[in-house]
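Each chain, written out:
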Amino acid sequence: MSNIDYEDYGFGVKGVIKVNSPEGVLKITTSGLKETLMRIQAVNVLFKEGQNVTSHVKDDEALKELIKKVSGEIEVLSHETTE
């Protein structure tokens, strides 16, 4: 698992994240770039530990959909701010 670099971003910054999936590259637009990257990293830790990921993201619809499409560790290809 690679470490996702999100330290340079502030909270509440709009951005775009591109992730790898069996369907191809998925583009995620978010109003909280740092927060979303942190959640993705947390999900990857849970996957690595063999935990039930869906129960941990039940309040985040976008992340739930992403997990359904990727069904494993989420590989972040790129991320950038849009502000």
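What counts and how
Residues numbered from 1 in each chain as written. Predicted model: local features only at pLDDT ≥ 70, side-chain atom pairs only at ≥ 80, totals over all residues. Heavy atoms only, no water. Helix = DSSP H or I, 4+ residues; strand = E, 2+ residues; numbered from the N terminus. Rg over C-alpha atoms; globule rule 2.2 N^0.38 Å. Buried < 20%, exposed > 50% of the residue type's maximum accessible area, 1.4 Å probe, protein only. Contact = heavy atoms within 4.5 Å. Lys, Arg positive; Asp, Glu negative; His and termini not counted. Charge placed at Lys NZ, Arg CZ, Asp CG, Glu CD. Polar contact = N/O pair within 3.5 Å; in protein donor to acceptor, adjacent residues only side chain to side chain. Expected span 1.5 Å × (residues − 1). Salt bridge = Lys/Arg side-chain N within 4 Å of Asp/Glu carboxyl O. Pairing = 2+ DSSP bridges.

As for the overall build of the protein
Helices and strands together make up the secondary structure of the protein, namely 2 helices and 3 strands. Each helix and strand of the protein, ordered N terminal to C terminal, gives the series β-β-α-α-β. Against the 2.2 N^0.38 benchmark of 12 Å for 83 residues, the protein shows a C-alpha radius of gyration of 12 Å, consistent with a compact globule. Projecting the C-alpha coordinates of the protein onto the three principal axes gives extents of approximately 35 × 25 × 25 Å. Scored against the burial criterion, the 83 residues of the protein give a buried share of 37%. Long-range contacts, defined as pairs at least 24 residues apart, comprise 62% of the intrachain contacts of the protein with a sequence gap of at least 6. Averaging the coordinates of the 10 positive side-chain charges in the protein and doing the same for the 14 negative ones gives two points 5 Å apart.

Some points on the side chain of T36
Inspection of the secondary structure assignment puts T36 in helix α1 (residues 33-48). By relative accessible area, which is 13% here, T36 ends up buried. A polar side-chain atom of T36 sits 2.9 Å from a polar atom in the side chain of T30. In contact with T36, other than residues within four places in its own chain, are I17 and T30.

Structural notes on α1
Across its 16 residues, α1 extends 23 Å between first and last C-alpha, which sits within 8% of the 22 Å expected from 1.5 Å per residue. Within the span of α1, buried status applies to L33, K34, T36, L37, I40, Q41, V43, N44 and L46.

Some thoughts on the pattern of salt bridges
Inspection of every chain in the model, using the stated rule, returns 3 salt bridges. Between R39 and D60 there is a salt bridge, and its shortest N-O distance comes to 3.6 Å. Taken as a pair, R39 in helix α1 and D60 in the loop between α1 and α2 (61-70) lie far apart in primary sequence, 21 residues in all. What makes R39 partly exposed here is its relative accessible area of 40%. Given a relative accessible area of 19%, D60 falls into the buried group. Salt-bridge contacts for E65 lead to K68; the nearest nitrogen and oxygen are separated by 3.4 Å.

A short note on the pairing of strand β1 (residues 15-21)
Most of β1 sits out of view: 5 of its 7 residues are buried. Two elements, β1 and strand β2 (residues 24-30), share 7 bridges in a ladder whose sense is antiparallel. Each bridged residue has a counterpart across the sheet, and for V19 the counterpart in β2 is L26. Counted along the chain from β1 to the antiparallel partner β2, the turn is 2 residues long. Where β1 and strand β3 (residues 75-81) come together, 6 bridges link them in antiparallel fashion.

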